[in-house]
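Below, each chain spelled out in residue letters.
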Amino acid sequence: MSDEHWYEDETGSMVRPYTVTRGRTRPVDGHAIDLMSRVTPLETDAPGSTVDHARAALLELIRRGPRPVVELAADADLPLTVVRVLLGDLAEAGLIRIDPPRRLTSAGPATDPELLREIMQRLKEL
């Protein structure tokens with residue numbers, strides 16, 4: 001991390017969340033973004049210069065790998081409402097895909113090998 005942003009770590013953000021979202025409290029076009037919706041970056045030819053700092057920082061987190069909205073909010077240290085608005089903007093720009101949360105089947109999570117691998121990976125990261 002560079003020394004340019006030391007003030008954010010010690011005193012918090014210098015920009016209020018409602019400023020980042022331009023006063024909006026909901027994503028554009030009514031994107032339904034659940035806490036467990038999975039966000040995936042899309043490969044685009046666009047250089048990404050059309051997004052501002054807050055959206056670019058969130059996009060960098062997303063490019064590390066697909067993950068749930070709730071994790072992005074925690075890692076970005078932003079309120080969930082703000083993250084939902086920013087994700088809606090990134091989806092509208094064609095930079096990300098937001099998939100609804102996976103629903104468990106009647107067989108239950110114990111029979112889903114992909115889910116079990118993901119849980120093991122997350123536990124190892126702790």
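Along each chain, the written sequence defines residue order, and numbers are assigned to residues from 1. In view of the model being predicted, local features appear only for residues whose pLDDT reaches at least 70, and side-chain atom pairs are presented and counted only at 80 or more, with totals across whole chains, interfaces and linings using the full set of residues. Only hydrogens and water are set aside; all other atoms, that is, all heavy atoms of the structure, feed into the side-chain values.

Asker: What am I meant to see in the overall build of the protein here?
Answerer: Of regular secondary structure, the protein possesses six helices and three strands. Put simply, DSSP marks the helices as runs of H or I at least four residues long and the strands as runs of E at least two long, and each gets a number from the N terminus on. For the protein, the N- to C-terminal ordering of α and β elements is α-α-β-α-β-α-α-β-α. Buried, partly exposed and exposed residues are distinguished by accessible area as a fraction of the type maximum, computed with a 1.4 Å probe on protein chains only: under 20%, between the cut-offs, and over 50%, respectively. In the protein, which comprises 126 residues, the proportion classed as buried is 28%. Restricting the contact set of the protein to residue pairs at least 6 apart, pairs at least 24 apart contribute 76%. Each accessible area is a Shrake-Rupley estimate made with a 1.4 Å probe; only the visible protein chains count as cover when residues are assessed. A total accessible area of about 8,800 Å² is found for the protein, and carbon and sulfur atoms account for 54% of it. Contacts are residue-level and defined by heavy atoms, with any inter-residue pair within 4.5 Å sufficient.

Asker: Explain the sheet that holds strand β3 (residues 96-99) here, please?
Answerer: Strand pairing in a sheet takes place through backbone hydrogen bonds and is either antiparallel or parallel in direction. Between any two strands, pairing holds if DSSP finds at least two bridges. Read across the open sheet, the three strands follow the order β2-β1-β3; overall the sheet is antiparallel. A single partner strand is all that each edge strand has here, and the edge strands are β2 (67-68) and β3. As defined by bridge partners, strand β1 (residues 38-41) adjoins β3 across four bridges and the pair is classed as antiparallel. Within β3, the position partnered with Thr40 by the bridge is Arg97. The axes are straight lines fitted to the C-alpha atoms, using for helices just the contacting stretch, and the angles between their N-to-C directions are given from 0 to 180°. Strands β1 and β3 of the sheet are contacted by helix α5 (residues 80-92), whose axis makes an angle of about 120 degrees with β3.

Asker: Is there a simple way to think about helix α4 (residues 69-76) in this case?
Answerer: The α-helix advances 3.6 residues per turn, and as a result positions three or four apart in sequence lie on the same side. Among all positions in α4, only Val69, Leu72 and Ala73 are buried. Seen from one end, α4 has its buried residues packed into an arc of 100 degrees, which puts them on one side. Trailing α4 by a residue or two, Asp77 shows a phi angle of about 55 degrees, which is positive. In this description, one arc is meant: the one made by directions from the helix axis to the C-beta atoms.

Asker: Honestly, the pairing of β1 in this entry has me stumped. Any pointers?
Answerer: As judged from the two bridges shared by β1 and β2, these two strands associate in the antiparallel manner. Its bridge partner lying in β2, Arg38 is registered against Pro68.

Asker: Just checking my understanding: could you explain a nonpolar patch on the surface for this structure?
Answerer: Here a patch means residues that are over 30% exposed by relative accessible area and free of salt bridges, tied together within 9 Å if like-charged and within 5 Å if nonpolar (Val, Leu, Ile, Met, Phe, Trp, Tyr). Here a salt bridge means any side-chain nitrogen of Lys or Arg lying within 4 Å of a carboxyl oxygen belonging to Asp or Glu. Together, Leu116, Ile119, Met120, Leu123 and Leu126 make up a nonpolar patch on the protein surface, roughly 530 Å² of accessible area in all. Checked against the element boundaries, Ile119 lands in helix α6 (residues 113-125).

Asker: It is not clear to me how the pattern of salt bridges should be interpreted in this structure. Could you clarify?
Answerer: This model, assessed by the stated rule, comprises eight salt bridges. Notably, a salt bridge pairs Glu71 with Arg122, separated by 2.2 Å at the nearest N-O pair. Of this pair, Glu71 sits in helix α4 while Arg122 sits in helix α6, and the two are 51 residues apart along the sequence. When its relative accessible area of 28% is taken as the criterion, Glu71 is described as partly exposed. Taking the shortest distance from any N to any O, the salt bridge between Arg122 and Glu118 comes out at 3.6 Å. Here the residue Arg122 and the residue Glu118 both occupy positions in helix α6, the gap between them amounting to four residues, near one helical turn.

Asker: When you look at the packing of helix α3 (residues 53-63) against α5 in this model, what are you seeing that I'm missing?
Answerer: At a closest axis distance of 10 Å, the pairing of α3 and α5 adopts a crossing angle of 85 degrees. Here α3 lies roughly perpendicular to α5, going by the angle between them. Taken together, the residues of α5 that come into contact with α3 (itself represented by Ala54, Arg55, Leu58, Leu59 and Ile62) are Val83, Leu86, Leu87, Asp89 and Leu90. Gly counts as polar in this scheme, as do all residues outside two lists: the nonpolar Ala, Val, Leu, Ile, Met, Phe, Trp, Tyr, Cys and Pro, and the charged Asp, Glu, Lys and Arg. Looking at side-chain class alone, the contact of α3 with α5 contains eight nonpolar, no polar and two charged residues. By definition in this entry, angles of less than 35 degrees are roughly parallel, angles greater than 145 are roughly antiparallel, angles of 65 to 115 are roughly perpendicular, and the rest are oblique.

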